Amino acid sequence: MSDGRDVTPTPGRAIESGTESKSETKPDANPDAETGGGGDAGADAGAHKTKELDSEVLSQLSADRDDISTEDKIETKTKTKIKAGNESDHNAGNNHSNAIDQTTDLKSASSLNSGTSVPISQPSKISSSEDKQQTQRQTNSGSGPTEKCGVVGVALTGRRAARPLYYSLYALQHRGQESAGIVTHDGFQQHSHVEMGLVGDAFDESDLNTLAGGTGIGHVRYPTSGGVNACCAQPFSVSFKSGSLGLSHNGNLVNADEIRDELESLGHAFTSDGDTEVIAHELARNLLEADLVRAVKQTMERIHGSYALTIMHDETVLAVRDPEGNRPLCIGEVEDGYVVASESAAIDTLDGELVRDVRPGELVVLDADGSGFESYQLTDRQNTAHCFFEHVYFARPDSVINETLVYEARRNLGRKLWAEQGVETDVVMPVPDSGRAFASGYADAANETTADGDIRETTSTNDDAIEFAEGLMKNRYVGRTFIMPTQDERERAVRLKLNPIKSTVEGRSVTIIDDSIVRGTTSRQLVQLLRDAGASEVHVRIGAPQIIAPCYMGIDMASRDELIAADKSTEEIRAEIDADSLGYLSVDAVADVLGEHRSDLCLGCVTGSYPYDIDNEDSDRDVTRPVIAGPDTGADATNQKNESKQEAASDGEPARADD
Ligand SMILES: O=P(O)(O)OC[C@H]1O[C@H](OP(=O)(O)OP(=O)(O)O)[C@H](O)[C@@H]1O
Ligand SMILES: NC(=O)CC[C@H](N)C(=O)O
Ligand code: SF4
Ligand SMILES: [Mg+2]
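Residues numbered from 1 in each chain as written. Chains lettered and ligands numbered in written order. Predicted model: local features only at pLDDT ≥ 70, side-chain atom pairs only at ≥ 80, totals over all residues. Heavy atoms only, no water.

The protein carries the name Amidophosphoribosyltransferase in an unreviewed UniProt entry, which gives Haloquadratum walsbyi as its organism. According to the UniProt record, the Catalytic activity (unreviewed entry) comment for the protein is "5-phospho-beta-D-ribosylamine + L-glutamate + diphosphate = 5-phospho-alpha-D-ribose 1-diphosphate + L-glutamine + H2O". Its UniProt record, at the heading Sequence similarities (unreviewed entry), says of the protein: "In the C-terminal section; belongs to the purine/pyrimidine phosphoribosyltransferase family." (UniProt positions renumbered as here; feature names shortened; annotations may be inferred.)

The following block contains the structure:
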């Protein structure tokens, strides 16, 4: 059923206003200027029209923000305030929705039914290599894609955003190796460049030069289902009546199919099979009838699952973290502006300072001139569901996530691993890269106490000391194997990537320390390689619990079939990888080291119990997914949605208390 809107995919440029495309006619305002927000020279009438419209939208939005400042806008920061050391972090009221309700809808609901055009366009540039990669991946038990990425957004004064975005994406490359993209806005129009491949391959100098404007967002993608192709590459560009949207997503929705079905029944046409486009459509649709803050809130009330988003609405950059804070997202300050990024390492790369994590359920709006940001606490949950696997494997060791340095967490996990599973051998060796910090913590602890827990009366020069050695060399040109798209690639890559140093292992008993065993690809091959290199014994110690269940929230562990621990005991796994012994860390040790209660972590893949409402899986808390109207009740869906919105607005949803 259609609601009468024309919802048409638009190939080519993203920028349109209603049915009128201005992107082909409007020259770049000042393509060579290294400036922020765009100039006006050369802007055609269409661009001005859109600009005027956008100004209306944005000035209404800032009026709305002023209205709600004492209650909903829990934080406003400007560079002046920060530099003056006069930072008031949390002024949260708890009557957020009431205040939002005082605002006036910018678009009446009737415009939804009056032929409004919501064209969704593809990224403007697509690499020729996409054809090679039109592989459709196995879906996650039919429940949608499971992926994980890196996102970034910047707002700068007086210089272009493109290059800092590019460097940030380089810093986040470990989070996604399949595609990279940047969307900027120069105050008049959006610019986009998205390609398959690594960041360094996806952009050249001329690409960066086309990305004008002082604000922008970026994305690196790691797909595991849906298309491993340019259709799912991000940021997604969306054009609609009241402006342009760009959207970068890290995480995975567990109800994307339901929302997609409903939106399709309302006439939305999708151009990809990923969940990110569902968020983009949902937000665009909400923006037709509400201001930015409220539209984001409405979108969050409908999507269920894991999402850390950076969004561009015209030239405004937003950051949104899901209510459980499953994926990381943080705010940083640079000399001439602000940055939001998946990991603080991206902020470091820009010589910036980490301000703080984006809070679960928080919307952060960067001022387009780079002068500050505003914060809105849009949801309030009792518990978080931080993904423990970020600290264990995914994030960079030099990143601070949820206020914990990843490197320190890994070292401490390594120390616990020795306490729980220590085995006396001649040498301890990390499995590069992610096993390194675990192994150094493990080896340190091993030289303090024996495996029985007694004080070890040795120094590193004594015979009794346990040697810590880099006995496995990594080929620096091979990336992460676990996030490669096919098992064949992963198998081949492990052998290419890692090679033992024979003299370190020959005739000796060896312990290798890795962060995790997922499919067993790495450990199976390494044990064999070490035996071939002459190791007398090979023991394997793992700094995480057994991965027994799939991840539905964005890590490539799609089905129980591919998980070596799903249906095997530790002894059976030991036999399968042919190790002399095998030991995993306990779930409690992980929570202990991360300094979080188990109820504030997602531990779904190691317990089989999830913090979300997932079909055919147990939940570890009282959680239900939003009710989405089915495809046959599309018109009702609109009504129900509006009703529930009003309820939400009048009931009020308390802003999160200060941390
Ligand atoms: O049991 P598996 O299916 O092999 O998966 C687990 C392995 O994959 C990861 O390494 P990866 O090569 O992806 O990245 P890294 O270089 O950061 O360790 C992880 O660190 C383990 O070594
Ligand atoms: N890797 C990610 O987090 C990707 C996000 C999103 N699920 C996508 O389809 O691209
Ligand atoms: S299931 Fe595992 S990998 Fe997925 S979000 Fe939860 S803890 Fe992280
Ligand atoms: Mg590894």
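A. Quick look at the nonpolar core. Within the largest apolar cluster, 49 residues are counted, with the highest numbers of intra-cluster contacts made by Phe 388, Phe 389, Val 392, Phe 482, Met 553, Ile 555 and Met 557. For this core, the secondary structure elements donating two or more residues are α11 (388-394), α12 (406-421), α13 (435-446), α18 (587-594), β31 (601-602) and α19 (604-607). Not counting residues up to four positions away in its chain, the partners in contact with Phe 482 are Tyr 222, Phe 389, Tyr 393, Arg 490, Val 518, Arg 519, Ile 555, Asp 556 and Met 557. If you look at the next biggest cluster of nonpolar residues, it comprises 35 residues, including Leu 245, Leu 253, Leu 266 and Tyr 376. (Core = buried A, V, L, I, M, F, W, Y, C linked by side-chain atoms within 4.5 Å. Buried < 20%, exposed > 50% of the residue type's maximum accessible area, 1.4 Å probe, protein only. Helix = DSSP H or I, 4+ residues; strand = E, 2+ residues; numbered from the N terminus. Contact = heavy atoms within 4.5 Å.)

B. Local environment of the site of ligand 1. Lining the immediate environment of ligand 1, one finds 17 residues, of which Ser 434, Lys 497, Asp 514, Asp 515 and Thr 522 sit closest. Take Thr 521: an N or O atom from its main chain is 3.5 Å from an oxygen atom of ligand 1. In the complex, 96% of the free accessible area of ligand 1, which totals 500 Å², lies under the protein chains. (Near = heavy atom within 4 Å. Polar contact = N/O pair within 3.5 Å; in protein donor to acceptor, adjacent residues only side chain to side chain. Areas by Shrake-Rupley, 256 points an atom, 1.4 Å probe, with all protein chains shown as cover.)

C. Local environment of unusual backbone geometry. Pro 235 follows Gln 234 through a cis peptide bond whose omega is 0°. Residue placement: Pro 235 occurs in the loop between β11 (226-228) and β12 (236-240). Here the amide bond leading from Pro 432 into Asp 433 is cis, since omega sits at -5°, within 30 degrees of zero. Within the secondary structure, Asp 433 is located in the loop between β24 (427-430) and α13. One non-glycine residue with positive phi stands out, namely Asn 402, at about 50°. Along the chain, Asn 402 turns up in the loop between β22 (400-401) and β23 (404-405). Taking the relative accessible area as the measure of exposure, Asn 402 reaches 17% and is therefore buried.

D. Representation of the layout of surface pockets in the model. Here the second largest pocket is characterised by a volume of approximately 420 Å³. Forming the boundary of the second largest pocket are 22 residues, of which Pro 323, Glu 324, Arg 381, Val 623 and Thr 624 lie nearest the centre. Taken together, the residues of the lining of the second largest pocket break down into nine nonpolar, six polar and seven charged. (1 Å grid on protein atoms, 1.4 Å probe; cavity = no way out; pocket = protein on both sides within 12 Å on 5 of 7 lines; lining within 4 Å. Points joined across faces, edges and corners; volume = space filled by probe spheres on them. Nonpolar A, V, L, I, M, F, W, Y, C, P; charged D, E, K, R; others polar.)

E. How the structure looks around empty space enclosed by the protein. All told, the structure shown has four cavities of 30 Å³ or more when counted by the stated rule. In this structure, the largest cavity encloses a volume near 70 Å³. Where the lining of the largest cavity is concerned, the elements lending two or more residues are α11 and α19. A breakdown of the residues in the lining of the largest cavity according to their chemical character gives twelve nonpolar, two polar and one charged.

F. Region of the structure containing the pattern of salt bridges. A full pass over the atoms with the stated rule returns 33 salt bridges. The closest approach of N and O atoms between Arg 359 and Glu 362, which form a salt bridge, is 3.6 Å. The burial state of Arg 359 is the same as that of Glu 362; both residues are buried. One salt bridge in this structure joins Arg 456 and Glu 424, with 2.9 Å as the shortest N-O distance. Linking Arg 456 in the loop between α13 and β25 (467-468) with Glu 424 in the loop between α12 and β24, this pair joins segments that are 32 residues apart in sequence. (Salt bridge = Lys/Arg side-chain N within 4 Å of Asp/Glu carboxyl O.)

G. Spatial organisation of the site of ligand 3. Around ligand 3, the surrounding shell consists of Asn 326, Arg 327, Cys 387, Phe 388, Phe 389, Cys 551, Met 553, Ile 555, Met 557, Cys 602 and Cys 605. Given that more than half its atoms are within 2 Å of the pocket grid, ligand 3 belongs to the largest cavity. Considering only residue class, the shell around ligand 3 consists of nine nonpolar, one polar and one charged. (Sits in = over half its atoms within 2 Å of the grid points.)

H. Region of the structure containing the sheet that holds β25. Pairing is parallel in the open sheet, where five strands are placed in the order β25-β24-β28-β29-β30. The sheet terminates laterally at β25 and β30 (581-584), the two strands that pair on one side only. Across six bridges, the pairing between strand β28 (residues 509-514) and strand β29 (residues 537-542) is parallel. In the strand pairing of β29, Asp 514 is matched with Ile 542. Lying over the sheet, α13 contacts β24, β25, β28 and β29, oriented at roughly 155° with respect to β24. (Pairing = 2+ DSSP bridges. Axes fitted to C-alpha atoms, helices over the stretch in contact; angles between N-to-C directions.)

I. Structural context of the packing of α12 against α13. One can describe the packing of α12 onto α13 by two numbers: an axis separation of 7 Å at closest approach and a directional angle of 45°. The orientation of α12 relative to α13 falls into the category oblique. The handedness of the crossing between α12 and α13 is right-handed. Of the residues in α13, those in contact with Tyr 407, Arg 410, Arg 411, Leu 413, Gly 414, Arg 415, Leu 417, Trp 418 and Gln 421 of α12 are Ala 437, Phe 438, Ser 440, Gly 441, Tyr 442, Asp 444, Ala 445 and Ala 446. (Parallel < 35°, antiparallel > 145°, perpendicular 65-115°, else oblique. Left-handed = near helix turned anticlockwise from the far one by under 90°.)

J. Here's a closer look at the UniProt feature "binding site: Mg(2+)" (unreviewed entry) in the protein. According to UniProt, the feature "binding site: Mg(2+)" (unreviewed entry) maps to Ser 434, Asp 514 and Asp 515 in the numbering used here. Taken along the chain, the residues just named run across 82 residues; in space they keep tight, none of their C-alpha pairs more than 7.0 Å apart. With respect to the helices and strands, the residue Asp 514 is situated in strand β28. A relative accessible area of 12% places Asp 514 in the buried class.

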